[in-house]
Amino acid sequence: MKTIIEPFRIKVTEPLKVISAEERAAALKMAHYNVFYLNSEDCAIDLLTDSGTGAMSTKQWAAMMLGDESYAGSPSFRRFEQTIRNITGMKHIFPTHQGRAAEGILAMTRTHKGDVVPNNSHFDTTRANFEFVGVNALDLICDEGLDNAYVAPFKGNMNIAALEQTIQQYGKEKIPFAMITVTNNTSGGQPVSMQNIRETKALLEKHNIPLILDACRFAENAYFIKEREAGYKDKSLLEIAREIFSYADGATMSLKKDGLVNIGGFLVCNDDAWAEDFQNALIMREGFITYGGLAGRDLEAAAVGLMEALEYDYQQYRHATVEYLAHALDARHIPYVKPVGGHAVFLDAKAFLPHIPPLQYPGIGLANALYLDGGIRSVELGSVMFGHFDAAGVEHPSPLELVRLAIPRRVYTQSHFDYIVEVLDAVLRGRDKITGYRITRQPKFLRHFTCHFEPITNIT
Ligand code: F0G
């Protein structure tokens, strides 16, 4: 088989500069050793997130010119609505400015304090939206999903036995709905099988509990099902996506992922009473029902982007880029979560930097080393993001210390990936010199975004 090439050529370029090692050291110091504070121009390769960082196609840019900016009844909304209905089959379709706005409306309208919402794994904004209204957001990932090194095709699956036990324990009155996140970002971008979605739905239906999809990466998940699950090889990604949505009663979506746009989201459902609630909240929070916090041109770009994300060539190429990186890491014995996810590679910082104890944040050590060595921006998913303090104020580390290299869509080429591997190689060779960090300032919530660090230079 020949090389899987980028199924596009480049028409517009954006300058990318590798600033000097001295400049990088100064920039990181200015940023209090927290990559969230870096200026993006100072990042040669920015792998902080795959959210809203993709490149749009000529068809999307052309569609933007068709954007009708009327407050109500715009044809751009109708094109957006038709596309989403074509994919999801849902009756009611509401645009939102991001995925988290859809989550906020869902939490605000359909849950009560003391309710329980199970999910295979909640994304942090989903969890935050539920916890904010007093809902217990439960993660019920399957057992394979908890083992970093274990290779299985669908490590993002819901643990159905645990879901059944949760329903017994809390009772269906306390569970307004359950969720499945495709792909499972929090567990390493791992996919969920069709069988698992079907079985989850069957169990929920028995108890009359609706199923809501967090559909951010539904097209990537459809690709994994086509490649890995029996019976789907000859189906198109659109057909697979339709089947996924057919088991759901509603969905939240960040169009910044598989919508292939820089901003946008949606909230969809079948039930008329739910739709009524969503509509009222949408008008109050986001905007009128035919634009929901977006410009008409954004709706147009998303309508085109959603269909492009379902093109097989595009998904095949995208997956090949992540696999390419994974193979290079294997060849160098660089530890990462296996198998590789759909949108990112998750480096295992604990195995990479065994000399740094968890509460000296090996993930920060590794993320900062990648920046210092090559200007690569990544993000820690370890004890800074997921650690917690107990009632006595004692800090407890997270079980995993990961660093995510998220791959923006249609942005970087093979030589960029080769460069990333060279930087990783150099960092690996010099890893004994990498230090841990201490936190010098931290906020109460979501500390990873804004806390300040300093290197611990006096390790013995
Ligand atoms: N759900 C999942 C699974 C996500 O990954 C995200 C965003 C959201 C919901 C929220 O969507 O950003 O449009 O409000 N994930 C990004 C990330 C930020 O970097 O993984 P949003």
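Anyway, here's the lowdown on the structure attached to this text. The structure displayed is predicted, hence computed values, not measured ones.

1. Examining the packing of helix α1 (residues 21-30) against helix α14 (residues 362-374)
And then number 1: Between α1 and α14, the shortest axis-to-axis distance is 7 Å and the interhelical angle comes to 145 degrees. Mapping the contact onto sequence places Arg24, Ala25, Ala27 and Leu28 in α1 and Asn368, Tyr371, Leu372, Asp373 and Gly374 in α14.
And then number 2: Each residue belonging to the contact of α1 with α14 can be placed in one class, and the counts come to five nonpolar, two polar and two charged.

2. Notes on a nonpolar patch on the surface
And then number 1: Judged by side-chain polarity, Phe445, Leu446 and Phe449 come together as a nonpolar surface patch covering roughly 350 Å² of accessible area.
And then number 2: In this fold, Phe445 is placed in the loop between β15 (437-441) and α17 (447-450).

3. Overview of the side chain of Ser254
And then number 1: Here Ser254 lies in strand β7 (residues 250-254).
And then number 2: Within the structure, the side chain of Ser254 is placed 3.1 Å from the side chain of Lys257, a separation counted as a polar contact.
And then number 3: Ignoring any residue separated from it by four or fewer positions in sequence, one finds Ser254 in contact with Ser51, Gly99, Cys216, Gly264 and Gly265.

4. So, the layout of surface pockets
And then number 1: A volume near 1400 Å³ is recorded for the largest pocket.
And then number 2: Lining of the largest pocket is provided by 35 residues; of these, Val12, Glu14, Ala55, Arg410 and Val411 occupy positions nearest its centre.
And then number 3: For the lining of the largest pocket, the elements supplying multiple residues, two or more each, are α2 (58-64) and α12 (312-331).
And then number 4: Top contributing element to the lining of the largest pocket by residue count: α2, with three residues.

5. Focus: the packing of aromatic side chains
And then number 1: According to the stated counting rule, one finds 15 aromatic pairs in the structure shown.
And then number 2: Relative to Tyr437, the ring of Tyr33 lies with its centre 5.7 Å away and its plane at 45 degrees, an arrangement referred to as tilted. One end of the pair, Tyr33, is in the loop between α1 and β1 (45-46); the other, Tyr437, is in strand β15, with 404 residues separating them in the sequence.
And then number 3: Given the relative accessible area of 17%, Tyr33 is considered buried.
And then number 4: For Tyr437, a relative accessible area of 5% translates into the label buried.

6. A closer look at empty space enclosed by the protein
And then number 1: Tallied over the entire structure, the rule returns one cavity of 30 Å³ or more.
And then number 2: Of the volumes computed, that of the largest cavity is approximately 80 Å³.
And then number 3: Forming the boundary of the largest cavity are Tyr33, Asn34, Val35, Phe36, Ile364, Ala367, Asn368, Val379, Glu380, Val384, His448 and Phe453.
And then number 4: Sorting elements by how many residues they give to the lining of the largest cavity places α14 first, with three residues.
And then number 5: Per-class residue counts for the lining of the largest cavity are eight nonpolar, three polar and one charged.

7. Observations concerning the pattern of salt bridges
And then number 1: Scanning the model with the defined rule gives 21 salt bridges in all.
And then number 2: Note that Arg127 is salt-bridged to Glu131, the shortest N-O span being 3.0 Å. Of this pair, Arg127 and Glu131 both sit in helix α5 (residues 124-132), four residues apart, which is roughly one turn of that helix.
And then number 3: Where Arg332 meets Asp425, a salt bridge forms, and the shortest distance between an N and an O atom there is 3.8 Å. You can see Arg332 sitting in the loop between α12 and β9 (344-348) and its partner Asp425 sitting in helix α16 (residues 414-429), a full 93 residues away along the chain.
And then number 4: With a relative accessible area of 32%, Arg332 lands in the partly exposed category.
And then number 5: On the basis of relative accessibility, which here comes to 22%, the residue Asp425 falls in the partly exposed class.
And then number 6: Here the salt bridges share partners, and the residues they tie into one network are Asp50, Arg217, Glu220, Asp258, Arg318 and Arg409.

8. Some thoughts on the sheet that holds strand β11 (residues 379-381)
And then number 1: Ordered in space as β9-β14-β11, the three strands form an open sheet in which the pairing is antiparallel. The open sheet has two free edges, formed respectively by β9 and β11, since each of these has just one partner strand. Adjacent strand axes in the sheet meet at a mean angle of 35 degrees, parallel and antiparallel pairs treated alike.
And then number 2: As paired strands, β9 and strand β14 (residues 402-406) are joined by five bridges and run antiparallel to one another. Bridge pairing in β14 places Phe346 opposite Arg404.
And then number 3: Most of the contacts of α14 go to β14, to which it runs at about 40 degrees, and overall it touches β9, β11 and β14.

About the thresholds
Residues numbered from 1 in each chain as written. Predicted model: local features only at pLDDT ≥ 70, side-chain atom pairs only at ≥ 80, totals over all residues. Heavy atoms only, no water. Axes fitted to C-alpha atoms, helices over the stretch in contact; angles between N-to-C directions. Helix = DSSP H or I, 4+ residues; strand = E, 2+ residues; numbered from the N terminus. Contact = heavy atoms within 4.5 Å. Nonpolar A, V, L, I, M, F, W, Y, C, P; charged D, E, K, R; others polar. Patch = residues over 30% accessible without salt bridge, like charges linked within 9 Å, V, L, I, M, F, W, Y side chains within 5 Å. Areas by Shrake-Rupley, 256 points an atom, 1.4 Å probe, with all protein chains shown as cover. Salt bridge = Lys/Arg side-chain N within 4 Å of Asp/Glu carboxyl O. Polar contact = N/O pair within 3.5 Å; in protein donor to acceptor, adjacent residues only side chain to side chain. 1 Å grid on protein atoms, 1.4 Å probe; cavity = no way out; pocket = protein on both sides within 12 Å on 5 of 7 lines; lining within 4 Å. Points joined across faces, edges and corners; volume = space filled by probe spheres on them. Phe/Tyr/Trp six-rings, centres within 6.5 Å; stacked < 30°, edge-to-face > 60°. Buried < 20%, exposed > 50% of the residue type's maximum accessible area, 1.4 Å probe, protein only. Pairing = 2+ DSSP bridges.

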